Amino acid sequence: MATEPANPEADASATAPSAACIKFDQVVKRFGSNTVLDHLDFSVDRGERVTLIGPSGSGKTTILRLLMTLEKVNDGVIWVDDEPFSHMRTPGGQLRPANEKHLSAIRRKIGMVFQQFNLFPNMRVLQNITEAPIHVLGQDRAKAEARARELLEMVGLGDRADAHPSQLSGGQQQRVAIARALAMDPEILLLDEVTSALDPELVADVLNVLRDVARETDITMLIVTHEMQFARDVSHRVLMFDHGRIVESGPPDQIFGNPTEERTQRFLRAVLEER
Amino acid sequence: MDTFFHQLDLVLPRFWSGVWLTVEATLLGGALAFVLSFVLGLMLRSETLVLRGLARFVVEFFRGTSIFVQLFFLFYALPGLGFQLAPLFCGVLAFGLNYGAYGAEIVRGSINSIPAPQWEAGVALNMTAGQRMRRVILPQAWARMIPQFTNLLIQLLKDTPLLSLILMADVTYVMQQVRQASGNSIAAYGLVLLVYLVLAYLLTLIMNLLEMQAKAKLGEGRGVRGLFTARTAPGGAGSPGGEGVVGP
Ligand SMILES: Nc1ncnc2c1ncn2[C@@H]1O[C@H](COP(=O)(O)OP(=O)(O)OP(=O)(O)O)[C@@H](O)[C@H]1O
Ligand SMILES: [Mg+2]
């Protein structure tokens, strides 16, 4: 990573920023000359479920991919549990670019479910779920498999443990992907349009699984979705993005029921008309 | 025709040793090529410039200079520098390096053809780079490599008559002698053709079984075991075709 934070000394000497679980601090992300995130600031509290909405290209996926370490920031700092993320502290208190070990420690806390599921086709359903717990967390096989079967039961696929991913419908694959992410016991779960690739009749099952997860766990969730009713049901807060900036933010009832910004109103009307 | 069988009878032990040499050179050369394909192919993808550059040089060198000349060089020129190599060793080395260079591109290309989201899913599960490669990417890439490796292996088989250039009696060489002694070109060369056809078919058969097995791991087709079980057993929902196809 070639970039340095805007002011390393100042950042490092600052005490723990807050109780925030995730904090974006003046984050800049560019692809070539295209500035996707322009000095973005926002934070998410522990256990909070936040939905990101906004038009295509507004940078929602980029935010999740930065958190998953699939992209690197150009400037600014991301904090997770008060640890700088793209940078790490030296013993002297300086910040320097993160190495692989530091990134791995951060990733350990974060799970992600992708729009296209991305199950491993060379592994059966059960192994998709147990692979990382066994080989990354070092759990023993029996324990990992027992937990995987519990999770499969929870997502309604208790009888498909031995299937190949290619033998499952999209909705079933996505539920396996959710189980796979949960098997790593993430503190933070990132969901990027997890129902967008599904046939309409398969969407409900996936969303119901996620409603259960929201109800029964205290996992911090960052959700990108066009399913407005779902967002209303599960999120504590909604952030409306446009051009990599937050246009409006507030509780779902306010954003969906009574948005103040003209841009939000226009976006929500467009989404409704699509249905 | 009688002279032909008589001559053949006389050289029969040498015929079989010729066939064996052809098989031996193909399998040993193929094995070396296989190992080099992975070593060079992975080096071609390395982030370290030196490793990448070295692999690129080796690959371009052996693809760009003829195997014919390499054999001569190894066998006739190296002794001048003080290295006397056994003929079979020269042959296996030349075949291995040549086909390893082509194989390296197969390995590299097959790995690159696995979509990026598979790597990303590995990152999201906090797998190390090595785990992502070994446990996720290579098993998928392997299924794509096999048919291309099959082609190389058949080509290698068909290159083995070059061994006669370094004084080795492969099956083609032996049958040339039979032809000269008997005067029956049709029978002599017909038999050689048949030998290569059978060998190529056997290699293809084995490689196809490997491919079926690799694909079955990906949930495609019914796998090798599917060949021996009744067709009525359903392969599960959405298992596409490809079953039972063996042979060139
Ligand atoms: N790898 C990349 N290379 C170049 N540009 C990219 C890359 N990824 C994203 N972008 C650009 O960044 C901008 C934001 O993309 P992003 O995927 O974050 O938007 P989004 O809000 O998720 O949109 P959508 O609703 O369509 O998924 C877009 O202009 C996109 O073209
Ligand atoms: Mg997106």
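Residues numbered from 1 in each chain as written. Chains lettered and ligands numbered in written order. Predicted model: local features only at pLDDT ≥ 70, side-chain atom pairs only at ≥ 80, totals over all residues. Heavy atoms only, no water.

Per an unreviewed UniProt entry, chain B goes by Ectoine/hydroxyectoine ABC transporter permease subunit EhuC and derives from Mangrovactinospora gilvigrisea. Recorded in UniProt under Sequence similarities (unreviewed entry), the annotation for chain B is "Belongs to the binding-protein-dependent transport system permease family." As recorded by UniProt, the Subcellular location (unreviewed entry) comment attached to chain B reads in full: "Cell membrane". (UniProt positions renumbered as here; feature names shortened; annotations may be inferred.)

**Q** Summarise the overall build of chain A; cite the residues concerned and give the values.
**A** Helix and strand content of chain A: ten helices and twelve strands. The C-alpha extent of chain A, read off along each of the three principal axes, is 55 × 50 × 35 Å. Every one of the 275 residues in chain A was classed for burial, and the buried ones make up 56%. Considering only residue pairs separated by 6 or more positions, chain A has 65% of its internal contacts joining residues 24 or more positions apart. Total accessible area on chain A stands at roughly 11800 Å², and carbon and sulfur atoms take up 45% of it. One way to put it: in chain A the 31 positive side-chain charges average out to a point 3 Å from where the 40 negative ones average out. (Helix = DSSP H or I, 4+ residues; strand = E, 2+ residues; numbered from the N terminus. Buried < 20%, exposed > 50% of the residue type's maximum accessible area, 1.4 Å probe, protein only. Contact = heavy atoms within 4.5 Å. Areas by Shrake-Rupley, 256 points an atom, 1.4 Å probe, with all protein chains shown as cover. Lys, Arg positive; Asp, Glu negative; His and termini not counted. Charge placed at Lys NZ, Arg CZ, Asp CG, Glu CD.)

**Q** Explain the interface of chain B and chain A to me, and be specific about the residues and the numbers.
**A** With 23 residues of chain B in contact, the opposing surface of chain A contributes 27 residues. Taken together, the two surfaces of chain B and chain A that pack against each other cover about 2100 Å², and 54% of this comes from carbon and sulfur. On the chain B side of the interface with chain A, the three residues burying the most area are Leu-125, Asn-126 and Arg-135 of chain B, jointly 31% of the side's total. Across the chain B-chain A interface, the total number found is two salt bridges. Two residues, Arg-135 of chain B and Glu-131 of chain A, come together in a salt bridge whose shortest N-O distance is 2.3 Å. For the interface between chain B and chain A, the tally reads nine residue pairs in polar contact (both at pLDDT 80 or more). Every element with two or more residues in the side of chain B that touches chain A is listed here: α5 (116–124), α6 (129–159) and α8 (185–217) of chain B. When the residues that make up the side of chain B that touches chain A are grouped by side-chain class, the tally is eleven nonpolar, nine polar and three charged. (Buried area = accessible area lost by both parts, 1.4 Å probe. Salt bridge = Lys/Arg side-chain N within 4 Å of Asp/Glu carboxyl O. Polar contact = N/O pair within 3.5 Å; in protein donor to acceptor, adjacent residues only side chain to side chain. Nonpolar A, V, L, I, M, F, W, Y, C, P; charged D, E, K, R; others polar.)

**Q** If you had to explain the sheet that holds strand β10 (residues 220–224) of chain A to someone new, which residues and values would you point to?
**A** Residue and element names in this part refer to chain A. Spatially, β8-β9-β10-β3-β11-β12 is the arrangement adopted by the six strands of the open sheet, whose pairing is mixed. Unpaired on one side and paired on the other, β8 (110–113) and β12 (245–250) mark the two borders of the sheet. For this sheet the average axis-to-axis angle between neighbouring strands, irrespective of direction, equals 20°. Across four bridges, β8 lies against strand β9 (residues 188–192) in parallel orientation. Each bridged residue has a counterpart across the sheet, and for Met-112 the counterpart in β9 is Leu-190. Of the strands in this sheet, β3 (49–53), β8, β9, β10 and β11 (237–242) are in contact with helix α2 (residues 60–67), which crosses β9 at around 145°. Contacts from helix α10 (residues 262–274) reach β3, β11 and β12, with the element oriented near 95° to β11. (Pairing = 2+ DSSP bridges. Axes fitted to C-alpha atoms, helices over the stretch in contact; angles between N-to-C directions.)

**Q** Requested: an account of the sheet that holds strand β5 (residues 83–84) of chain A, with residues and values cited.
**A** Residues and elements named next belong to chain A. A sheet is described by the order of its strands in space; here four strands give the open sequence β2-β1-β4-β5, paired in antiparallel fashion. The sheet is open, and its two borders are formed by β2 (34–45) and β5, each paired with just one other strand. Note: strand β1 (residues 20–31) against strand β4 (residues 75–80), five bridges, orientation antiparallel. Across the sheet, Asp-25 pairs through a bridge with Val-77, a residue of β4. Its contacts with the sheet place α2 against β1, β2 and β4, and it is angled at close to 115° to β1.

**Q** Summarise the pattern of salt bridges; cite the residues concerned and give the values.
**A** The final tally for this structure, using the stated rule, is 25 salt bridges over all chains. A salt bridge links Arg-141 of chain A to Glu-145 of chain A, with the nearest nitrogen and oxygen atoms 4.0 Å apart. On the criterion of helical spacing, the pair formed by Arg-141 of chain A and Glu-145 of chain A is a turn pair, its members being four residues apart in helix α5 (residues 141–154). For Glu-145 of chain A, a relative accessible area of 25% translates into the label partly exposed. Between Arg-263 of chain A and Asp-242 of chain A there is a salt bridge; the shortest N-O distance is 2.7 Å. Taken together, the positions of Arg-263 of chain A in helix α10 and Asp-242 of chain A in strand β11 put the pair 21 residues apart, joining distant regions of the chain. Exposure class is identical for Arg-263 of chain A and Asp-242 of chain A. Each is buried. Counted as one network, the salt bridges with shared partners bring together Arg-56, Glu-60, Arg-63, Glu-105 and Arg-108 of chain B.

**Q** Explain the UniProt feature "domain: ABC transmembrane type-1" (unreviewed entry) in chain B residue by residue, including any values.
**A** In this numbering, the UniProt entry assigns the feature "domain: ABC transmembrane type-1" (unreviewed entry) to residues 19–204 of chain B. Helix makes up 81% of residues 19–204 of chain B and strand 0%, with an end-to-end C-alpha separation of 17 Å.

**Q** Break down the site of ligand 1 for me, citing the residues and quoting the values.
**A** Residue and element names in this part refer to chain A. In the vicinity of ligand 1, the contacting residues are Phe-31, Asn-34, Val-36, Pro-55, Ser-56, Gly-57, Ser-58, Gly-59, Lys-60, Thr-61, Thr-62 and Glu-193. The separation between an oxygen atom of ligand 1 and a polar side-chain atom of Glu-193 is 3.3 Å. Contact with the protein chains hides 59% of the accessible area of ligand 1, taken as 640 Å² for the molecule alone. For the shell around ligand 1, the secondary structure elements donating two or more residues are β2 and α2. Among the elements that take part in the shell around ligand 1, α2 stands out by supplying three residues, more than any other. Tallied by class, residues from the shell around ligand 1 come to three nonpolar, seven polar and two charged. (Near = heavy atom within 4 Å.)

**Q** Go over the nonpolar core, please, and point to the residues and values.
**A** Core analysis: the biggest nonpolar cluster contains 97 residues, and Phe-24 and Leu-190 of chain A together with Met-145 and Met-175 of chain B have the highest contact counts within it. When residues in this core are grouped by element, the largest group, 14 residues, is from α6 of chain B. If we skip the residues at most four places from it in the chain, Met-175 of chain B touches Phe-4, Leu-8, Phe-15, Ala-188, Leu-191 and Val-192 of chain B. Listed in part, the 37 residues of the second largest apolar core include Leu-119, Ala-179, Leu-207 and Ile-223 of chain A. (Core = buried A, V, L, I, M, F, W, Y, C linked by side-chain atoms within 4.5 Å.)

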